[in-house]
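# Structural features, examined
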Amino acid sequence: MNTSSQPEPVGVILAVDPDRFADVVEAARRAGLTVTGEQPILGTLSGTIAEDRILALTEVAGVVAVDRDRTIHLPPPDSPIQ
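These numbers come from a predicted model, not from an experiment. (Residues numbered from 1 in each chain as written. Predicted model: local features only at pLDDT ≥ 70, side-chain atom pairs only at ≥ 80, totals over all residues. Heavy atoms only, no water.)

Our focus in this paragraph is the overall build of the chain. Scanning the chain for helices and strands turns up two helices and four strands. Walking the chain from its N terminus toward its C terminus, one meets helices and strands in the order β-α-β-β-α-β. Out of the 82 residues in the chain, the part that is buried amounts to 29%. For the chain, contacts bridging at least 24 residues in sequence account for 57% of all contacts bridging at least 6. (Helix = DSSP H or I, 4+ residues; strand = E, 2+ residues; numbered from the N terminus. Buried < 20%, exposed > 50% of the residue type's maximum accessible area, 1.4 Å probe, protein only. Contact = heavy atoms within 4.5 Å.)

This is the structure in structure tokens:
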């Protein structure tokens, strides 16, 4: 639970023009993205950002699309958490 006044960051996945990947990564960081994964060959970039900053990512040159990360993390079968 977040007790501070800062909103929780949300996970996002960006579809990126592979020819501009390095420039997009730097511009996305300046827009507030904390990068958690880079896949230059696939043209995808993942990270976290404050929800109110997502629009800034859509304005970065070379970003084709921005979507919220809907990855579900399941515990391994032998985990005590079932």
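Once you've had a look at it, read on.
Here the focus is the environment of Asp 67. Looking at the element boundaries, Asp 67 is found in strand 4 (residues 63-68). Of the residues examined, Asp 67 reaches a relative accessible area of 44% and is grouped as partly exposed. Taking C-alpha positions, Asp 67 is 8.6 Å from Gly 11, a pair spaced 56 residues apart along the chain. If we skip the residues at most four places from it in the chain, Asp 67 touches Gly 11, Val 12 and Ile 13.

Ranked by internal contacts, the top residues of the largest apolar core, which has 18 residues, are Val 12, Leu 14, Val 16, Leu 33, Leu 45, Ile 49 and Leu 57. The set of elements that each furnish at least two residues to this core consists of strand 1 (9-16), helix 1 (21-30), strand 3 (44-50) and helix 2 (54-58). (Core = buried A, V, L, I, M, F, W, Y, C linked by side-chain atoms within 4.5 Å.)

Let's shift gears to the pairing of strand 2 (residues 34-39). Pairing analysis gives five bridges linking strand 2 to strand 3, with the strands arranged antiparallel. Across the sheet, residue Glu 38 finds its bridge partner in strand 3, namely Leu 45. Once strand 2 ends, the chain turns through four residues before running back antiparallel as strand 3, passing Gly 43 with a positive phi of about 75°. (Pairing = 2+ DSSP bridges.)

The next point concerns the sheet that holds strand 2. Within a sheet, adjacent strands bond to each other through the backbone by hydrogen bonds, running parallel or antiparallel. The strand order 2-3-1-4 describes an open sheet built from four strands, whose pairing is antiparallel. Two strands lie at the open edges of the sheet, namely strand 2 and strand 4, each paired on one side alone. Looking at each pair of strands side by side, their axes are set apart by 25° on average, direction ignored. The pairing of strand 1 with strand 3 spans seven bridges and is antiparallel. What sits directly across from Val 10, in strand 3, is Ile 49. Against the sheet, helix 1 engages strand 1, strand 2, strand 3 and strand 4, with an angle of about 165° to strand 2. (Axes fitted to C-alpha atoms, helices over the stretch in contact; angles between N-to-C directions.)

In this section: the pattern of salt bridges. Applying the stated criterion across every chain yields a total of three salt bridges. Linking Arg 29 and Glu 38 is a salt bridge whose minimum nitrogen-to-oxygen distance equals 3.5 Å. Judged by its relative accessible area of 38%, Arg 29 is partly exposed. Among the salt bridges present, the one from Arg 68 reaches Glu 51, with a minimum N-O distance of 2.8 Å. Taken together, the residues Arg 68 in strand 4 and Glu 51 in the loop between strand 3 and helix 2 connect sequence positions 17 residues apart. A residue is classified by how much of its surface remains accessible, and Arg 68, at 35% relative accessible area, is partly exposed. Look at the salt bridges and you will find they share partners, linking Glu 26, Arg 29 and Glu 38 into a network. (Salt bridge = Lys/Arg side-chain N within 4 Å of Asp/Glu carboxyl O.)

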